[in-house]
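Results of the structural survey
If you want the building blocks of each chain, they are given just below.
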Amino acid sequence: MQTQVLGYPRIGSQRELKKANEQYWAGKIKKEELELVAETIRYQNWQIQKNEGISLIPSNDFSFYDQVLDWSLTLGAIPKRYQPLRTNEGLSLLDLYFAMARGYQKDGYDITAMEMTKWFDTNYHYIVPEFYKGQTFELTSLKVVEEYKEAKKLGIKTKPVILGLVSYLLLGKVKEDSFNVLSLVDNLLPIYIEVIKQLTSEGAEYIQIDEPFLVLDLTVEQKQTIEFFYKHIQSLFPNLKIILATYFGELGDNTSLAVGLPIEVLHIDLVRGENALEKILDEAPSYLKLSLGIVDGRNIWKNDYQKSLALIDQAIATRGKEKIWISTSCSLLHSPFDLDGETKLSDEIKQWLAFAKQKISEVSELAKLSVNVDRENTVSYQANIKAHNNKRVSKLIHNEAVKQRVNKITEADANRLAPFAVRQPLQHAALELPLFPTTTIGSFPQTTEVRQWRAKFKKGELTAQEYEDLLKEETARAIKWQEEIGLDVLVHGEFERNDMVEYFGEQLEGFTFTQNGWVQSYGSRCVKPPVIYGDVYRSQPLTVFWSSYAQSLTDKQVKGMLTGPVTILQWSFVRNDIPRSETCTQIALAIRDEVLDLEKENIQVIQIDEPAIREGLPLRKVEWDSYLDWAVRAFRISASGVKNETQIHTHMCYSEFNDIIEHIAAMDADVITIECSRSQMELLDAFAEFKYPNEIGPGVYDIHSPRVPTEEEMLHLIKKAEYYIPNKQLWINPDCGLKTRHWEETEKALIAMVNIAKELRKESLIEVV
Ligand SMILES: CN1c2c(nc(N)[nH]c2=O)NC[C@@H]1CNc1ccc(C(=O)N[C@@H](CCC(=O)N[C@@H](CCC(=O)N[C@@H](CCC(=O)O)C(=O)O)C(=O)O)C(=O)O)cc1
Ligand SMILES: N[C@@H](CCS)C(=O)O
Ligand SMILES: [Zn+2]
């Protein structure tokens, strides 16, 4: 049986790439040292897969920052503003690449970064290609060819991975003029041909072409272009064996298109599209090989061999074993590296898990078992069955009280006492805030010191009291500084949190967490998603201590700061034995309890962050309503227990709102703060058109860049916001939390932001007079 892996985690088993990248950016190591780290990671990844006996190992799945940005550089899709860097002889292609990802503000240059957005419905972010009318392309980076050659030298004949032409175009954003992005196909095609030519002449037999858009709704023109592309490539390279990789969902109405393409292998995601197998087996022509993506690349649960083998058996019975490959559902980019390194997980839970390294063993084992007539008597099969049986009956997982509480939720539990129109004046009277109230989104810089205190505390080098005292000092400093600069609603700064989801996961029951289960979120930034293995509940307050402490230091309002149920769900590894909606409701009840405890402690403004609500939207539109119904309801359950006077905020970033605005409104938060500056306030369009009734804080500056915005820039954005939203509804705040920033730029930016609010208030007084 042939096996393949669609992609392997590239951050390194100990996040070596993250550390090396950050050192390179800080000028602490040379390019050669960074490249050596990268080479070592690639070598190790290939070796791990080879040792597991994977038949087709990917190359070009490594990336210094992001695979879509790699592809933009390969194709020469470099926005014009980077032209001065291209002609600067002191800068390498790698420097240009990092400048595109992160912006370039030094040596007299001030060039903004390219936009970043969510990779489908994952928590991974890619760099959005920018397209211009009539844009031309040129082969600029040969990374894909070089990495193929590098593996070949090591004796491994890989399958290079590239992004399909239509998916690449659809991932991008049209800039300046509005035009049909498919009009660029003719200009782009020659570069694809050139890349494939170079790869095949180096000996590449297989190329994996990723076309994830095939699991989304496509227009007729998009479908035709996909067909045209593959037919064209196959006519030019008749000996090339194309593996067409689709993932993150079912092919659905694109099935006949996909199975009819002139390709060698069609890869399908059987984790997300288990029910689609029959249709594909029916429709696929007999010569087509099917790669079954049976091992989940997006979760950490051990594969259920019994269930997987039933599907594999069905496929083999229909097509014969020569036509069936075994694979991961998608790239393992979304999985942590290696379970073996986890020494603190309970043995009971650990036996249910598999990280990337274990997942490739599963691919290999499944391939072997699928052709073994005596599989039931093998050690690997027996061990797998035993682990799953243990899980099914484990006392760790089920909690009757939680299930009963979920069943008893009433409509009233999901509704505030009075509508917003009644709540708003009560809140204004209670909070006495000025026009254009200023606030921040929650986190302040997580400095190296703060992270080191936590690391030392975890290693036992600081006592709990010492750690708490240091965090108290940091919080007190932040409160004092916010008071000094004149912010209206203060935050405690989130210094005690390692991450806005992991922190909650560490304290809630039904969750466990890992020591080293890092997954890349963007560039060098990683997250360690907690693991939800059982029914969730709150056994003790989660945040009350820090919010109350901060509130005790000031007469101004301090916002309580919580992560919402949908975001906790979305950014965790979620149990797969009950529907996600049920787990989400359990989390909502836990957060509701916390909201009520904060209110009891006289916290009058409480923010429940839901940045992931948009990202959780199913890829197919037909499934949107059902998701939005339970997701919005979960938020409402978490927020609705409070008095009318208590002001509930929510926050969202990286989100387009146009198509879900009525559901955002249905969340009924009193104030929503959103990331808005990079779209130059265009995101407000949806709120204006919908006549969104509640209050809004459109972000007035981009927090992802160290660049300090000028007062003029921010003022310009607020003036634009006023065009969309009446100023009585407007708040002034940055785009998102400031945890990734340094204090130096944070101070300058926020002082400027507060100044502008003061100016605007003066202006509005003059207007009234
Ligand atoms: C808002 N975003 C978030 C997303 N998902 C989340 N789960 N959380 C988010 O905040 N998705 C969408 C966006 C993505 N944005 C970000 C932004 C920033 C990060 C980030 O900064 N990640 C950190 C890791 C954060 C963390 O967990 N830190 C821990 C451990 C820190 C650590 O590495 N310690 C060192 C020792 C410390 C030292 O000596 O310096 C170690 O263990 O080796 C902590 O603070 O305790 C990152 O560094 O990548 C992610 C997503
Ligand atoms: N409260 C969080 C939200 C990030 S989306 C923060 O400020 O970091
Ligand atoms: Zn945010």
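Residues numbered from 1 in each chain as written. Chains lettered and ligands numbered in written order. Predicted model: local features only at pLDDT ≥ 70, side-chain atom pairs only at ≥ 80, totals over all residues.

Looking only at helices and strands, the protein chain has 28 helices and 22 strands in total. For a compact globule of 769 residues, the expected C-alpha radius of gyration is about 27 Å, and the protein chain comes in at 26 Å, within 12% of that figure. With the principal axes as the frame, the protein chain shows a C-alpha extent of 80 × 65 × 55 Å. By residue count, 49% of the 769 residues in the protein chain fall in the buried class. When contacts within the protein chain are restricted to residue pairs at least 6 apart in sequence, long-range pairs at least 24 apart make up 79% of them. (Helix = DSSP H or I, 4+ residues; strand = E, 2+ residues; numbered from the N terminus. Rg over C-alpha atoms; globule rule 2.2 N^0.38 Å. Buried ≥ 20, exposed ≤ 12 C-beta atoms within 10 Å, placed from the backbone. Contact = placed C-beta atoms within 7 Å.)

Here the focus is the site of ligand 2. With respect to spatial proximity, the complete set of residues near ligand 2 consists of Ile 441, Gly 442, Ser 443, Met 500, Met 561, Asp 609, Pro 611, His 651, Cys 653, Cys 736, Gly 737 and Lys 739. Considered class by class, the residues forming the shell around ligand 2 number six nonpolar, four polar and two charged. (Near = placed C-beta within 6 Å. Nonpolar A, V, L, I, M, F, W, Y, C, P; charged D, E, K, R; others polar.)

Once that is clear, we can look at the sheet that holds strand β6 (residues 159–163). Taking strand neighbours across the sheet as the criterion, the eight strands line up as β1-β12-β11-β10-β9-β8-β6-β2 in an open arrangement whose pairing is parallel. Looking along the sheet, the strands with just one partner apiece sit at the ends: β1 (2–4) and β2 (58–59). On top of the sheet, helix α12 (residues 305–319) reaches β11 (289–295) and β12 (324–328); it is set at about 175 degrees to β11, its chief contact. (Pairing = 2+ DSSP bridges. Axes fitted to C-alpha atoms, helices over the stretch in contact; angles between N-to-C directions.)

Quick look at the sheet that holds strand β22 (residues 695–698) now. Read from one edge to the other, the open sheet built from six strands follows the order β13-β18-β19-β20-β21-β22, with strand pairing classed as parallel. Edge positions in the sheet fall to β13 (489–490) and β22, since each has one partner strand and no second. The sheet contact formed by strand β21 (residues 671–674) and β22 spans four bridges and is parallel. The partner of Ile 674 across the bridge, within β22, is Pro 698.

The next thing to look at is the site of ligand 1. Lining the immediate surroundings of ligand 1 are 20 residues, of which Ala 455, Asn 498, Ser 521, Arg 525 and Val 527 lie closest. Among the secondary structure elements, those contributing two or more residues to the shell around ligand 1 are α18 (448–459) and β16 (525–527). Considering every element that reaches the shell around ligand 1, the biggest residue donor is α18, with five residues. Considering only residue class, the shell around ligand 1 consists of seven nonpolar, seven polar and six charged.

Looking only at helix α6 (residues 143–153), the buried set comprises Lys 143, Val 144, Val 145, Glu 147, Tyr 148 and Ala 151. On the buried face of α6, the contacting elements are α2 (31–51), β2, α3 (67–75), β6 and α8 (185–201). Two residues or fewer after α6 comes Gly 155, characterised by a positive phi angle close to 85 degrees.

Let's shift gears to the domain arrangement of the protein chain. Per the domain assignment, the segments of the protein chain are domain 1 (2–79 + 114–393) and domain 2 (419–768). Relative to domain 2, the C-alpha centre of domain 1 lies at a distance of 34 Å. Contact residues are listed per partner, giving 35 residues for domain 1 and 27 residues for domain 2. Along the lines of polarity and charge, the residues of the side of domain 1 that touches domain 2 split into 15 nonpolar, 10 polar and 10 charged. (Domains from an automatic or database assignment.)

This next bit is on the environment of Gly 7. One can find Gly 7 in the loop between β1 and α1 (16–25). Through-space distance from the C-alpha of Gly 7 to that of Thr 554 is 51 Å; in sequence the pair is 547 residues apart.

Moving on to the pairing of β21. If a strand is regular, its side chains alternate between the two faces of the sheet. Burial along β21 is two-sided: the residues Val 671 and Thr 673 and Ile 672 and Ile 674 are all buried. With four bridges joining them, strand β20 (residues 647–652) and β21 adopt parallel strand pairing. Each residue of the ladder has a partner; that of Thr 650, found in β21, is Ile 672. Taken together, β20, helix α25 (residues 661–667) and β21 form a β-α-β motif whose crossover is right-handed. You can see the chain leave β21, run along helix α26 (residues 684–690) and come back into β22, and the turn it takes is right-handed. (Right-handed = clockwise from strand over helix to strand, strands pointing away.)

To continue, consider the nonpolar core. Generally speaking, soluble globular proteins have nonpolar side chains that are buried together. The biggest cluster of nonpolar side chains holds 212 residues, and the ones touching the most others in it are Leu 244, Leu 266, Leu 290, Leu 292, Leu 366 and Met 753. For this core, the leading source of residues is helix α23 (residues 580–600), giving eight residues. Ignoring any residue separated from it by four or fewer positions in sequence, one finds Met 753 in contact with Thr 438, Val 700, Tyr 701, Met 714 and Ile 732. (Core = buried A, V, L, I, M, F, W, Y, C linked by C-beta atoms within 7 Å.)

This part takes up the confidence of the model for the protein chain. Chain-level statistics for the protein chain give a pLDDT mean of 96 and a share of 99% at 70 or above. Quick note on the complex model: pTM equals 0.95, ipTM equals 0.96. (pLDDT = per-residue confidence, 0-100.)

This part takes up the UniProt feature "binding site: Zn(2+) 1" (unreviewed entry) in the protein chain. The UniProt record marks His 651, Cys 653, Glu 675 and Cys 736 with the feature "binding site: Zn(2+) 1" (unreviewed entry), using the residue numbering of this structure. Taken along the chain, the residues just named run across 86 residues; in space they keep tight, none of their C-alpha pairs more than 8.4 Å apart. Within the secondary structure, His 651 sits in strand β20. Judged by the 27 C-beta atoms lying within 10 Å of it, His 651 falls in the buried class. Here His 651 is in contact with Ile 441, Gln 607, Asp 609, Pro 611 and Thr 673, once residues within four sequence places are set aside. Among residues more than four places away in sequence, those in contact with Glu 675 are Cys 653, Tyr 654, Gly 699, Asp 735 and Cys 736. (UniProt positions renumbered as here; feature names shortened; annotations may be inferred.)

We now examine the environment of Ser 394. By secondary structure assignment, the location of Ser 394 is in the loop between α15 (379–393) and α16 (400–407). Considering only alpha carbons, one finds Ser 394 and Gly 534, 140 residues apart in sequence, at a separation of 9.5 Å.

Within the chain, Asn 60 stands out as a residue other than glycine whose phi angle is a positive 70 degrees. Here Asn 60 lies in the loop between β2 and α3. Even without glycine at this site, Phe 436 takes up a positive phi of about 50 degrees.

At a closest axis distance of 7 Å, the pairing of α23 and helix α24 (residues 624–639) adopts a crossing angle of 20 degrees. Taken together, the axes of α23 and α24 are roughly parallel relative to one another. Crossing geometry of α23 relative to α24 is assigned as right-handed. Of α24, the residues touching α23 (which contributes Ser 581, Cys 584, Thr 585, Ala 588, Leu 589, Ile 591, Arg 592 and Val 595) are Trp 630, Ala 631, Ala 634, Ile 637, Ser 638 and Ala 639. Of the residues assigned to the contact of α23 with α24, the class counts are 10 nonpolar, three polar and one charged. (Parallel < 35°, antiparallel > 145°, perpendicular 65-115°, else oblique. Left-handed = near helix turned anticlockwise from the far one by under 90°.)

Let us now look at the environment of Gln 446. Structurally, Gln 446 is set in the loop between α17 (420–431) and α18. Remark: the alpha-carbon pair of Gln 446 and Lys 748, spanning 302 residues in sequence, is separated by 17 Å. Every residue in contact with Gln 446, bar those within four places of it in the chain, is listed here: Arg 451 and Lys 739.

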